[in-house]
Amino acid sequence: MSAGSRRIVEGSQPPLTYPPYKSGALRSPTRPLIKLAGDFSDFAAPVYGYHAIGETDADLTRQHAGEPLGERIIVSGRVLDEDGRPVRNTLVELWQANAAGRYTHVVDNHPAPLDPNFTGAGRTITDDDGRYRFVTIKPGAYPWRNHTNAWRPAHIHFSLFGESFLSRLVTQMYFPADPLFAFDPMFQSVRDESARQRMVSQFDLSLTEPEWALGYRFDIVLRGRNSTPFEART
Amino acid sequence: MSAENTLTHMSEEVPLIATASQTVGPFFSFGLTTNTALGRLGGPNTRGERIRLEIRLIDGAGAPVPDAMVEIWHADEAGVFLFGRLETDPAGLCAFETIYPGQATTGAREAAHVNLCIFMRGLLRHLYTRVYFSGDPALESDAVLAAVPPDRRGTLIARRDEAVPSTWTFEIHLQGDRETVYFDL
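Residues numbered from 1 in each chain as written. Chains lettered and ligands numbered in written order. Predicted model: local features only at pLDDT ≥ 70, side-chain atom pairs only at ≥ 80, totals over all residues.

### Here's the deal with the overall build of chain A
Right, so step 1: A tally of regular secondary structure across chain A gives two helices and twelve strands.
Right, so step 2: From first element to last, N terminus to C terminus, chain A shows the α and β order β-β-β-β-β-β-β-β-β-α-α-β-β-β.
Right, so step 3: With 234 residues in all, chain A has 41% of them scored as buried.
Right, so step 4: Pairs at least 24 apart in sequence give 72% of the contacts found in chain A among residues at least 6 apart. (Helix = DSSP H or I, 4+ residues; strand = E, 2+ residues; numbered from the N terminus. Buried ≥ 20, exposed ≤ 12 C-beta atoms within 10 Å, placed from the backbone. Contact = placed C-beta atoms within 7 Å.)

In structure tokens:
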């Protein structure tokens, strides 16, 4: 395939309707999406920066007076387009539960402790290599009410813009070898095994800081700016 | 082998395959929607007619969606794109203060419109849709609307509030007889 084309693998994205994920029952559209043919659409308009990045925004362990509890980790990786080019100067936002599996959110009533020294939200901008880096705390697993005894594997939510709204992505980063993967409808909604595995970060010794924090690598691929969004799917 | 240039789990073959989407979940607001200034688009010098765009999200049971995130972007009169982002309130509402959209400089002529990206618990992928404006004579010749079956075009058209003419209201139905049109881009 030539540069600028797209390679869409069946099952590499979750379906809009996935019954095991109960929250979608009244929320996922039931009619087919309308395909737009042609290149007239300003859905591909460039995205402009809109957020000033603060000094501690990429270090979630330094946003309060004290240090948060839990296992300190470094999460870093590269953001690339489908042609393997770095996506530079793009906003990366993340949010997550604390080490006990509790979110700083008014409607999270999981009876696990909040940590006054951890909010769990961060943002940064990718560098010229498409690289980003966060310092945070390894989040805990937590229960949810999708089905009896349902637990989410530990994960960090990511939000990225890329070059345009076509490349907009909200995803979740998981941790290696989590025993909850097999039982999690969110993870299982991605039917392609290799696509599922690309949501799992890898332990990376080169990212660790001795005497300080372990490191996990999580690379992200966004739809490319020159990709042809309307070509026949393979 | 340098770890610097090695992608996690990825073959060296391009094109690479885009990372899978996952739901924004129920607990995004402390991470994504703390900046309420993103409900106002454009600056004091942005030219155009000031409008308020009220968007209400409704699920398949007719209940408001109180935990969605709505992102909007549209051109101003100079063809510069403006961006906004809000979460819905308990009534399923979010309201953007912006200007009546201008014509995008890129591509073919289209009716005035606002592009939308919708995220919520229950959606494994975000949805793309558009807001058009009732009474716009260009609706008849808009290329994107032309791709929509005529009986569903009305789901994409905002109404002017009769009491407050600068306010436009738009309902997004996720399911049902009035299910909004969403686009596959």
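### Considerations on the overall build of chain B
Right, so step 1: A count of helical and extended segments in chain B gives two helices and nine strands.
Right, so step 2: Sequence-ordered secondary structure for chain B, helices as α and strands as β, is α-β-β-β-β-β-β-α-β-β-β.
Right, so step 3: Per-residue burial for chain B yields a buried fraction of 42% across its 185 residues.
Right, so step 4: In chain B, the share of contacts with a sequence separation of at least 24, taken over all contacts with a separation of at least 6, comes to 67%.

### Things to note about the nonpolar core
Right, so step 1: Grouped together as the largest cluster of nonpolar side chains are 94 residues, with contacts concentrated most on Leu53(B) and Val70(B).
Right, so step 2: Apart from residues no more than four positions distant in its own chain, Val70(B) is found in contact with Ile55(B), Leu86(B), Thr88(B), Cys94(B), Leu116(B) and Ile118(B). (Core = buried A, V, L, I, M, F, W, Y, C linked by C-beta atoms within 7 Å.)

### Side note on the environment of Arg62(A)
Right, so step 1: Turning to its location among the elements, Arg62(A) is positioned in the loop between strand E1 (34-35) and strand E2 (72-81).
Right, so step 2: Between the C-alpha atom of Arg62(A) and that of Ile8(A), which follows or precedes it by 54 residues, the distance is 40 Å.

### Thoughts on the interface of chain B and chain A
Right, so step 1: Of the residues lining the interface, 59 residues belong to chain B; the matching set on chain A comes to 77 residues.
Right, so step 2: Residue assignment for the side of chain B that touches chain A shows that the elements contributing at least two residues are helix H1 (29-32), strand E2 (68-75), strand E3 (81-87), strand E5 (113-120), strand E6 (127-133), helix H2 (143-146) and strand E9 (183-184) of chain B.
Right, so step 3: The class makeup of the residues in the side of chain B that touches chain A is 38 nonpolar, 16 polar and five charged.
Right, so step 4: As judged from the two bridges shared by E1(A) and E9(B), these two strands associate in the parallel manner. Across the sheet, Lys35(A) pairs through a bridge with Asp184(B), a residue of E9(B). (Nonpolar A, V, L, I, M, F, W, Y, C, P; charged D, E, K, R; others polar. Pairing = 2+ DSSP bridges.)

### Considerations on the sheet that holds strand E9 (residues 169-174) of chain A
Within a sheet, each strand pairs with its neighbour through backbone hydrogen bonds, oriented either parallel or antiparallel.
Residue and element names in this part refer to chain A.
Right, so step 1: Strand order across the open sheet formed by four strands is E4-E3-E8-E9, with antiparallel pairing between neighbours. Only two strands of the sheet have a single partner each, and these edge strands are strand E4 (121-125) and E9. The average angle at which neighbouring strand axes cross in this sheet is 20°, direction not considered. (Axes fitted to C-alpha atoms, helices over the stretch in contact; angles between N-to-C directions.)

### Remarks on the environment of Leu205(A)
Right, so step 1: Note that Leu205(A) resides in the loop between strand E10 (202-203) and strand E11 (214-217).
Right, so step 2: Separated by ten residues in sequence, Leu205(A) and Gly215(A) place their C-alpha atoms 6.3 Å apart.

### Some details on the environment of Leu53(B)
Right, so step 1: Position of Leu53(B) relative to the elements: it lies in strand E1 (residues 50-58).
Right, so step 2: Those residues in contact with Leu53(B) that lie beyond four places of it in its chain are Ala95(B), Phe96(B), Thr98(B), Val114(B), Val131(B), Ala158(B), Trp168(B) and Phe170(B).

### With respect to the pairing of E2(A)
On any regular strand, side chains alternate: one points to one face of the sheet, the next to the other face.
Residue and element names in this part refer to chain A.
Right, so step 1: The buried fraction of E2 amounts to eight of the ten residues, a majority that puts the element mostly inside the structure.
Right, so step 2: Here E2 pairs with strand E5 (residues 131-137) via seven bridges, running antiparallel. Bridged to Val75 within E5 is Phe134.
Right, so step 3: Here E2 runs beside E11; their pairing, made up of four bridges, is parallel. Within E11, the position partnered with Ile73 by the bridge is Leu214.

### What to know about the confidence of the model for chain A
Fine structural detail should not be taken from predicted coordinates in areas where pLDDT scores are low.
Right, so step 1: The predicted model of chain A averages 90 in pLDDT, with 89% of residues at 70 or higher.
Right, so step 2: The model gives residues 229-234 of chain A a pLDDT under 50, and that stretch makes nine contacts with residues more than four places away or in other chains. (pLDDT = per-residue confidence, 0-100.)

### A word on unusual backbone geometry
All names here are of chain A.
Right, so step 1: Located in the positive-phi region is Asn149, a residue other than glycine, with phi close to 60°.
Right, so step 2: Structurally, Asn149 can be placed in the loop between strand E6 (142-144) and strand E7 (150-152).
Right, so step 3: Accessibility expressed as a C-beta count within 10 Å gives 7 for Asn149, which makes it exposed.
Right, so step 4: In this structure, Glu211 takes a positive phi of about 65° despite not being glycine.
Right, so step 5: As for its position among the elements, Glu211 is in the loop between E10 and E11.

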